[in-house]
Amino acid sequence: MASTIFSPRNLNARSLRLHILIEGFQYGPFNRSMQRRWKKPVDSARTRLEGRTRDHRLDKLMVHLRNLRLALALNELISQQRNGYASLQLLSKWRYEIGLNIEVGAFLKKYPHIFEIYMHSVKKNHCCKITQKMADLIAEEDAIIRENETDIVLRLKKLLMLSRNGTLNMHALWLIRRELGLPDDYRSSILPNHQHDLSLDSPDTLSLVSWDEELAVAKVEEWREKEYTEKWLAESETKYAFPINFPTGFKIEKGFREKLKNWQRLPYTKPYEKDGLHPIHNVERLEKRVVGILHEFLSLTIEKMIPLVRFSHFRKVFTMEVNLRELLLKHPGIFYISTKGSTETVILRECYSKGCLIESNPVYNVRRKMLDLILSGCRNIDEMENAILLDEEYNARSSQEAQKKASKVGTTNSVLELGTENNSYGKENAILLDEEYNARSSQEAQNKASKDSVKAGVGVIVQDEYGVVLLSARRVLSRSSSPEEVGC
């Protein structure tokens, strides 16, 4: 009985009836004849961001830069400790505040060129400190930032000239201090030295003292002049144009080229021109002005990139009261939004080639060296350990040689001391050595004289050290002479 009920045929029939009942309840007798409404696909900035053409090299770069930011955040925690090191237990408490989604120990072991993990000799727990190579790079970056103080002041002046009233919020500047290459203490180290250019009207507001016409030239103007002079393009094509660089795999739809050409020729109010002089009533011209402000803002940074969230602090000041995400997605040849690295970052596409900045600067070069330590990972760690072992071996040998030299100096000093104590005994030995030397020198002189006399044909009697008398004479032998004729 049970076999007939639970047979495969009956089970299939029951599943079909259950499906019909569900459809019956969903579309009952009163709504069975109604049609399903076709839902229009949602077209928003979020969906366009997910469906955009990705630049994989820039995405990989952002992942590595995120790891570098985490390493620098850990370095700040370690440097705040009194002895210059921190235990892994202490660092694990700050894991979520830093933004680590893995264990601290696993992250530190991934980058042995930056972090050095060792066992504490007294506490017997695992501790971490920054390697000398990374510490030198951090010190070098700080020194270069201090040396380029004039460039920092020029950047701040140009940012103030971009603003509506020539003022900026100090908190907004603090949030992008690393992007602008500012030191952490710029408020006390830079601003008091340049009060003729910058002034603090209040603790939260930085204002511009005087307008500089020489600085009121956007970065894109240099590109336009170069295109006009070198490529012999028409002035109408370059006067309001922007450099376009689409990512690999970008699909150009029908009519897109014509729209882009018309947009490039569209006149607009340039970033350093005030809106009051040329009021804008066209939406496209307003958006193009915002594109110019964003382009100039990004070109003033060190690495030509800023997190998208940071733009919200400058929207009213720079008169960018539009949906920035939608505007940036409309121009994929100028800007690129990377969602990698736990944040959305806006990158100026024209400044990068194969994941590297085309026109580098001293601060970027040092940060690139730090990024190379991230990219190296655990590679070449054996060579580094061998170098450390060789260094230790060299130090051990040098210490042994120093000990040997010290022992030799000690023995000579002891001999001198004994000589001073036994002065009479030393004098007798010196007299005996002197007599022996004189005897040997006189004997060598006699032997030399005898040899000279033999050469001259004169016989000489010489007594050797054994007391035997020798007679030497020149012997002139001929072929016919006999031993008896020689007279030996």
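Residues numbered from 1 in each chain as written. Predicted model: local features only at pLDDT ≥ 70, side-chain atom pairs only at ≥ 80, totals over all residues. Heavy atoms only, no water.

### Overview of the sheet that holds strand β2 (residues 115-119)
Point 1. In spatial order, the strands read β1-β3-β2; together these three strands make up an open sheet with antiparallel pairing. The open sheet has two edge strands with one neighbour each: β1 (86-87) and β2.
Point 2. As paired strands, β1 and strand β3 (residues 126-130) are joined by two bridges and run antiparallel to one another. Following the sheet pairing, Ser87 is matched in β3 by Cys127.
Point 3. Against the sheet, helix α4 (residues 56-79) makes contact with β1, β2 and β3, and its axis sits at roughly 110 degrees relative to β3, the strand it touches most. (Pairing = 2+ DSSP bridges. Helix = DSSP H or I, 4+ residues; strand = E, 2+ residues; numbered from the N terminus. Contact = heavy atoms within 4.5 Å. Axes fitted to C-alpha atoms, helices over the stretch in contact; angles between N-to-C directions.)

### Quick notes on the sheet that holds strand β7 (residues 305-307)
Point 1. If you walk across this open sheet you meet the three strands as β7-β9-β8, and the pairing is antiparallel. The two strands at the open ends of the sheet, each matched to only one other strand, are β7 and β8 (335-338). Taking each pair of neighbouring strands and ignoring which way they run, the sheet shows an average axis angle of 25 degrees.
Point 2. Relative to β8, α4 is tilted by about 50 degrees, and along the sheet it contacts β7, β8 and β9 (345-348).

### Re empty space enclosed by the protein
Point 1. On inspection of all chains with the given rule, the structure shows three cavities of 30 Å³ or more.
Point 2. Of the pockets and cavities examined, the largest cavity occupies roughly 50 Å³.
Point 3. Leu61, Leu65, Glu303, Tyr352, Tyr364, Arg367, Arg368 and Leu371 together form the lining of the largest cavity.
Point 4. Elements with a contribution of two residues or more to the lining of the largest cavity: α4 and α18 (362-376).
Point 5. The leading source of residues in the lining of the largest cavity is α18, at four residues. (1 Å grid on protein atoms, 1.4 Å probe; cavity = no way out; pocket = protein on both sides within 12 Å on 5 of 7 lines; lining within 4 Å. Points joined across faces, edges and corners; volume = space filled by probe spheres on them.)

### Some words on the nonpolar core
Point 1. The biggest cluster of nonpolar side chains holds 93 residues, and the ones touching the most others in it are Leu91, Phe115 and Phe311.
Point 2. If you tally residues by element for this core, the top one is α4, at eleven residues.
Point 3. The contact partners of Phe311, leaving out residues within four places of it in the chain, are Leu294, Phe297, Leu298, Ile306, Met320, Leu324 and Val346. (Core = buried A, V, L, I, M, F, W, Y, C linked by side-chain atoms within 4.5 Å. Buried < 20%, exposed > 50% of the residue type's maximum accessible area, 1.4 Å probe, protein only.)

### Some remarks on unusual backbone geometry
Point 1. Of note, the phi angle at Thr319 is positive, near 55 degrees, even though the residue is not glycine.
Point 2. Relative to the assigned elements, Thr319 resides in the loop between β7 and α17 (324-330).
Point 3. If you check the backbone angles, Lys354 has positive phi at about 55 degrees while not being a glycine.
Point 4. In this structure, Lys354 sits in the loop between β10 (352-353) and β11 (356-357).
Point 5. With a relative accessible area of 66%, Lys354 lands in the exposed category.

### Looking at the pairing of β8
Point 1. Burial of β8 is two-sided: the residues Phe335 and Ile337 facing one way and the residues Tyr336 and Ser338 facing the other way are all buried.
Point 2. Note that β8 and β9 share four bridges and pair antiparallel. Bridged to Tyr336 within β9 is Ile347.

### Overview of the confidence of the model for the protein
Point 1. Model confidence for the protein is summarised by a mean pLDDT of 78, while 69% of its residues fall at 70 or above.
Point 2. Contacts from residues 415-426, a stretch scored under 50 in pLDDT, to residues over four places away or in other chains number zero contacts.
Point 3. Contacts for the low-pLDDT stretch residues 453-488, under 50 throughout, to residues beyond four places or in other chains number 29 contacts. (pLDDT = per-residue confidence, 0-100.)

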